[in-house]
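Structural description and commentary
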There are 2 protein chains.
Amino acid sequence: MEQQTEISTIGEFGLIDRLTKNLEKINISTVAGVGDDGAVVRYPDTDVIVSTDLLVEGVHFDLTYVPLKHLGYKAAVVNFSDIYAMNGTPRQITVGLAISSRFTVEHIEQLYSGIRLACEIYGVDLVGGDTTASRSGLVISVTCIGDAPKDKIVYRSGAKETDLICVSGDLGAAYMGLQLLEREKRVSNGDKDFIPKFEGKEYLIERQLKPEARRDIIKELAERNIVPTSMMDISDGLSSELLHICKASDTGCRVYEERLPIDYQTAVMAEEVNMNLVTAAMNGGEDYELLFTVPLHFNDEVSRIPGVKVIGYITKPEAGCALVTRDDTEIPLKAQGFNHMSKE
Amino acid sequence: MEQQTEISTIGEFGLIDRLTKNLEKINISTVAGVGDDGAVVRYPDTDVIVSTDLLVEGVHFDLTYVPLKHLGYKAAVVNFSDIYAMNGTPRQITVGLAISSRFTVEHIEQLYSGIRLACEIYGVDLVGGDTTASRSGLVISVTCIGDAPKDKIVYRSGAKETDLICVSGDLGAAYMGLQLLEREKRVSNGDKDFIPKFEGKEYLIERQLKPEARRDIIKELAERNIVPTSMMDISDGLSSELLHICKASDTGCRVYEERLPIDYQTAVMAEEVNMNLVTAAMNGGEDYELLFTVPLHFNDEVSRIPGVKVIGYITKPEAGCALVTRDDTEIPLKAQGFNHMSKE
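Read on for a plain summary of the structure. (Residues numbered from 1 in each chain as written. Chains lettered and ligands numbered in written order. Predicted model: local features only at pLDDT ≥ 70, side-chain atom pairs only at ≥ 80, totals over all residues. Heavy atoms only, no water.)

**Overview of the overall build of chain A**
Definition in use: For helices the rule is a DSSP run of H or I covering at least 4 residues; for strands it is a run of E covering at least 2, with both sets numbered from the N terminus onward. For the radius of gyration, the atoms used are the C-alpha atoms, and the globule rule reads 2.2 Å times the number of residues raised to 0.38. Under the scheme applied here, a residue whose accessible area is under 20% of the maximum for its type counts as buried, over 50% as exposed, and between as partly exposed, the area being computed with a 1.4 Å probe on protein chains only. Any two residues having at least one pair of non-hydrogen atoms within 4.5 Å are treated as being in contact. Areas reported as accessible are Shrake-Rupley estimates using a 1.4 Å probe. Residue values count occlusion only from the protein chains shown.
Within chain A, the regular secondary structure consists of 10 helices and 13 strands. Taking 20 Å as the expected radius of gyration for a compact globule of 344 residues, we find that chain A reaches 21 Å, a close match to that expectation. Counting only C-alpha atoms, chain A reaches 65 × 55 × 35 Å along its principal axes. A burial count over chain A gives 58% of its 344 residues as buried. Counted over contacts in chain A with a minimum sequence separation of 6, partners at least 24 positions apart contribute 86%. Working note: accessible area of chain A is about 14500 Å², and carbon and sulfur atoms make up 49% of it.

**Describing the interface of chain A and chain B**
What counts is decided by this rule: Buried area is understood as the total, over both parts, of accessible area removed when two parts are fitted together, assessed with a 1.4 Å probe. What makes a salt bridge here is a side-chain nitrogen of Lys or Arg within 4 Å of a carboxyl oxygen of Asp or Glu, nothing more. A 3.5 Å cut-off defines polar contacts: any pair of N or O atoms within that distance qualifies, except that in protein one atom must be a possible hydrogen donor and the other a possible acceptor, and neighbouring residues in sequence count only when both atoms are side-chain atoms. Amino acids are sorted into nonpolar (Ala, Val, Leu, Ile, Met, Phe, Trp, Tyr, Cys and Pro), charged (Asp, Glu, Lys and Arg) and polar (every other residue, Gly among them). Strands pair, by our definition, only if DSSP identifies at least two bridges between them.
Residue-level contacts link 70 residues of chain A with 70 residues of chain B. Summing the contributions of chain A and of chain B, the shared interface buries around 5500 Å²; its carbon and sulfur component is 54%. Its salt-bridge partner being A:Asp37, residue B:Arg156 comes within 3.6 Å of it at the nearest N-O pair. Applying the counting rule to chain A against chain B returns 21 residue pairs in polar contact (both at pLDDT 80 or more). Tallied by class, the residues present in the side of chain A that touches chain B amount to 29 nonpolar, 22 polar and 19 charged. In terms of strand pairing, strand β2 (residues 39-42) of chain A meets strand β3 (residues 46-56) of chain B through 4 bridges, oriented antiparallel. The residue of β3(B) that forms the bridge with A:Val41 is B:Val48.

**As for the sheet that holds strand β13 (residues 330-332) of chain A**
All names here are of chain A. For clarity, the threshold we go by: Axis definition: a line fit to C-alpha positions, over the contact stretch in the case of helices; interaxial angles, taken between N-to-C directions, run 0 to 180 degrees.
A sheet is described by the order of its strands in space; here 7 strands give the open sequence β8-β10-β7-β11-β9-β12-β13, paired in mixed fashion. At either end of the open sheet lies a strand with only one pairing partner, and these are β8 (230-233) and β13. Across this sheet, the average inter-strand angle for adjacent strands is 25°, counted without regard to direction. Where strand β9 (residues 252-256) and strand β12 (residues 321-324) come together, 4 bridges link them in parallel fashion. Bridge pairing links cysteine 253 to cysteine 321 in β12. Docked against the sheet, helix α6 (residues 215-223) engages β7 (164-168), β8, β10 (290-294) and β11 (308-315), running at close to 20° with respect to β10. Here helix α7 (residues 238-249) sits on the sheet in contact with β7, β8, β9, β10, β11 and β12, set at roughly 150° to β8.

**Re the relation of the copies chain A and chain B**
Here is the rule: Residues reaching a pLDDT of at least 70 in both copies supply the C-alpha atoms on which the copies are superposed by least squares.
Of the transformation placing chain A onto chain B, the axial shift is 0.0 Å and the rotation is 180°, giving an RMSD of 0.0 Å. Each copy turns onto its partner about a two-fold axis. Considering only C-alpha atoms, the residue of chain A closest to the rotation axis is A:Pro44, which sits at 1.9 Å.

**Some thoughts on the sheet that holds strand β5 (residues 125-133) of chain B**
Strand order across the open sheet formed by 6 strands is β1(A)-β2(A)-β3(B)-β6(B)-β4(B)-β5(B), with mixed pairing between neighbours. If you trace the sheet from one side to the other, it starts and ends with β1 (30-32) of chain A together with β5 of chain B, each paired once. Strand-to-strand twist in this sheet, taken as the mean axis angle between neighbours without regard to direction, amounts to 25°. By the bridge criterion, 11 bridges tie β3(B) to strand β6 (residues 139-149) of chain B in an arrangement that is antiparallel.

**Section: the packing of aromatic side chains**
Heads up, the rule is: Pairing of aromatic rings covers Phe, Tyr and Trp, the last counted by its six-membered ring, and requires centre-to-centre distances within 6.5 Å; plane angles under 30 degrees mean stacked, over 60 mean edge-to-face, and any other angle means tilted. Whether a charge lies above a ring is judged from NZ of Lys or CZ of Arg, which has to be within 6 Å of the ring centre and within 35 degrees of the ring normal.
Inspection of every chain in the model, using the stated rule, returns 6 aromatic pairs over all chains. Pairing B:Tyr256 with B:Tyr313 gives two aromatic rings, centres 6.3 Å apart and planes at 35°, and the pair type is tilted. Here B:Tyr256, found in strand β9 (residues 252-256), pairs with B:Tyr313, found in strand β11 (residues 308-315); they are 57 residues apart in sequence, far enough to count as distant. Members of the aromatic cluster, each reached through a chain of ring pairs, are A:Phe80, A:Tyr84 and A:Tyr122. In this arrangement the basic side chain of A:Lys210 is found over the ring face of A:Tyr73, its NZ or CZ atom lying 4.4 Å from the centre.

**Describing helix α4 (residues 173-188) of chain B**
Residues and elements named next belong to chain B. Basically, it comes down to this: Expected helix span is taken as 1.5 Å per residue step, with the number of steps being one fewer than the number of residues.
Helix length check: α4, at 16 residues, gives a terminal C-alpha distance of 22 Å against a target of 22 Å (1.5 Å per residue), a fit within 8%. Of the surrounding secondary structure, the elements contacted by the buried residues of α4 are α5 (202-209), α8 (264-272) and α9 (277-283). In the segment just after α4, asparagine 189 is the residue with positive phi, at about 55°.

**Topic: the pattern of salt bridges**
If you walk through the whole model with that rule in mind, you get 49 salt bridges over all chains. Note that B:Arg214 and B:Asp216 form a salt bridge whose closest N and O atoms lie 2.9 Å from each other. On the basis of relative accessibility, which here comes to 16%, the residue B:Arg214 falls in the buried class. Counted as one network, the salt bridges with shared partners bring together A:Arg207, A:Arg214, A:Asp216, A:Asp287 and A:Glu289.

**Some remarks on the environment of A:Leu260**
All names here are of chain A. Within the secondary structure, leucine 260 sits in the loop between β9 and α8 (264-272). Looking at leucine 260, the relative accessible area reads 6%, which means it is buried. When the C-alpha positions of leucine 260 and methionine 282 are compared, they lie 8.5 Å apart, and in sequence the two are 22 residues distant. Not counting the four nearest positions on each side in its chain, leucine 260 is found in contact with Leu238, Val278, Ala281, Met282, Lys309 and Leu323.

**Things to note about the packing of α4(B) against α5(B)**
Residues and elements named next belong to chain B. We apply this condition: To sort the angles, those under 35 degrees are grouped as roughly parallel, those over 145 as roughly antiparallel, those from 65 to 115 as roughly perpendicular, and the leftovers as oblique.
Their axes nearest at 7 Å, the elements α4 and α5 cross at an angle of 100°. Overall, the two elements α4 and α5 adopt an arrangement that is roughly perpendicular. Facing Ala173, Ala174, Tyr175, Met176, Gly177, Leu178, Leu180 and Leu181 of α4, the residues of α5 in contact are Tyr203, Leu204, Ile205, Arg207, Gln208 and Leu209. Taken together, the residues of the contact of α4 with α5 break down into 11 nonpolar, 2 polar and 1 charged.

**Describing the pairing of strand β2 (residues 39-42) of chain B**
Residue and element names in this part refer to chain B. Bridge count between strand β1 (residues 30-32) and β2: 2 bridges; the pairing is antiparallel. If you follow threonine 30 over to β2, its bridge partner there is valine 41. Where β1 hands over to β2, the hairpin turn is made up of 6 residues, of which glycine 35 adopts a positive phi near 120°.

**Regarding the state of the cysteines**
Disulfide: a covalent bond formed between the sulfur atoms of two cysteine residues. Residue and element names in this part refer to chain A. Threshold: Two cysteine sulfur atoms form a disulfide, by the criterion used here, when they sit within 2.5 Å.
In total, this model carries 0 disulfides over all chains according to the counting rule given. Cysteine 119 takes part in no disulfide bond, and the closest cysteine sulfur to it belongs to cysteine 144, at a distance of 8.2 Å. With no disulfide of its own, cysteine 166 has cysteine 253 as its nearest cysteine by sulfur position, at a separation of 13 Å.

**Digging into unusual backbone geometry**
The backbone of A:Asn225 shows a phi angle near 55°, a positive value even though the residue is not glycine. Take A:Asn225: it is sitting in the loop between α6 and β8. Accessibility expressed as a relative area gives 65% for A:Asn225, which makes it exposed. Unusually for a residue other than glycine, B:Tyr288 sits at a positive phi of about 55°. If you trace the backbone, B:Tyr288 turns up in the loop between α9 and β10 (290-294). Owing to a relative accessible area of 8%, B:Tyr288 belongs among the buried residues under this scheme.

**Side note on the packing of α4(B) against α8(B)**
Residues and elements named next belong to chain B. For the record, the criterion: In this scheme, a crossing is called left-handed if the near helix is turned counterclockwise away from the far one by less than a right angle; it is called right-handed if the turn is clockwise.
Between α4 and α8, the shortest axis-to-axis distance is 9 Å and the interhelical angle comes to 45°. Comparing the axis directions of α4 and α8 gives the class oblique. In the crossing of α4 with α8, the sense of the turn from one axis to the other is left-handed. Of the residues in α8, those in contact with Ala173, Met176, Gln179, Leu180 and Arg183 of α4 are Thr266, Met269, Ala270 and Glu272.

This is the structure in structure tokens:
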């Protein structure tokens, strides 16, 4: 059993000291980090993007099967993903933690080790935050700051009629990973020695527990001088994000069932749990893939980017937003996804 | 009884639409606000300051006696205070909310009306955020972005031996306001028709429920071309903040009991609840006054700023940090304040 230190023995400032020691500065835009009323950054030549996310225990994560280090990694990466989704590069994050008394110093160090690993891999500086008590559970608030060359920022609102709709990677795997983890949790029935069965489904687990942000796609697009007309990351599900883009751009869209990129393991798992595979791909959240639109003439060029697939096109607003099935039926898109606040 | 709408009936996106409608842009540095993966800001000629705070129900506030509008106002203002404390001007905020099911749309609108009022008064743009469910209670996460002319940012670490220690306003009133609210809550015993007794103590209530950030002091200092050598806002109590400055600056300090600015109402309330007045002034938190140091030769000039008082001076580190009492005894400073994570 590892040593466990109660946070109360070292206090808030002692905890912050332990969590933030040996932080090294990666980006020149980082002027001053942890240890003052605020962090200082400097962006004379670029636009700055700011994004904030909250992760709440019992709503966004279940510590029964999510290791704290993975949780920290994911909390950071999903924020980097928001910056990439605007065609930017993440540079700094601040981390706010509300911690209940059941967490020890070592627990929070594990969480932070994941955050710091993500920062290291993606070249981001951890520059500040706030650490406080909570009455119940863990709340993680991450704000990410990034930059983009002036006028290269991509909004949701720029999609135009006839633009191609593209996605990176594959869809629905993170959601199926969640189904798998939930299933094994039920089967384990609280038995601590229970060994869950993940063989042949490792990819689904990885997509759920350790998502990555698609900076490779942003790089590929930049190298080809392609600036998308609109872009988002897929956190709430493809349907929901397509509706956002079409609403912001005042357009409609058509996407094709046969074009949806779906991994083999996702299909197997959907079969096992008797779930419609297309629903999982369209509405399963947390894929953190990029959804973007490009003008029609980029068709060949964009199709050559590894992992990018054209799945449909943008229409006039009157045409509405629909999925075209294999038998040519049009099904209107609905936002279901991960709307924690709706009755489902 | 006002109409109450369950959040589940309009969902997360519906709620965000209601909260953020008619937002007008105040600052030219705000390029794009709410409605995308991130907000976009532009700071070609200034340094940028970023500060994050979490407010947790049951830890930082008690909705039995804190109206939601006041809570929103305070959540915003305490973040503005962090930016002023670095000699900057707050320009944008993002707001993350985790909301349990007992809150209605109207509740959150009240909270937001306070946030928006604070933004209006202080000239800050609300540019983004995240709204999600929580299992219990309300968590508010505010990130504030501000700017300062290059090389005018004031850190905690610049205090030098012989510098004068200055504070704005008066100390301990917010803490005494909290004592008063807690006392009336106990007396009310849950009776909804109970009328609390605040006569003659309105100032204490106001300091606790509706604190203001001292931008007037920042302006006065700038007009006199005084750049403090170090500065902080007093959120955890004077003792705690002095220790931060002295640690960061590698100095000691002496402050004088007879110099501490204390309001008459604070003194009366301390007497009533049988609490040591100096302890309240030194360790009571949430005053959001500015604590700063200036070189000795600014003595006359700084004393002329309305509401600023010189309370002591910076020493060599070997001298330690102490309060000098009226009978010339030196009492070492201790950080007590609002450290929610220490055993007290």
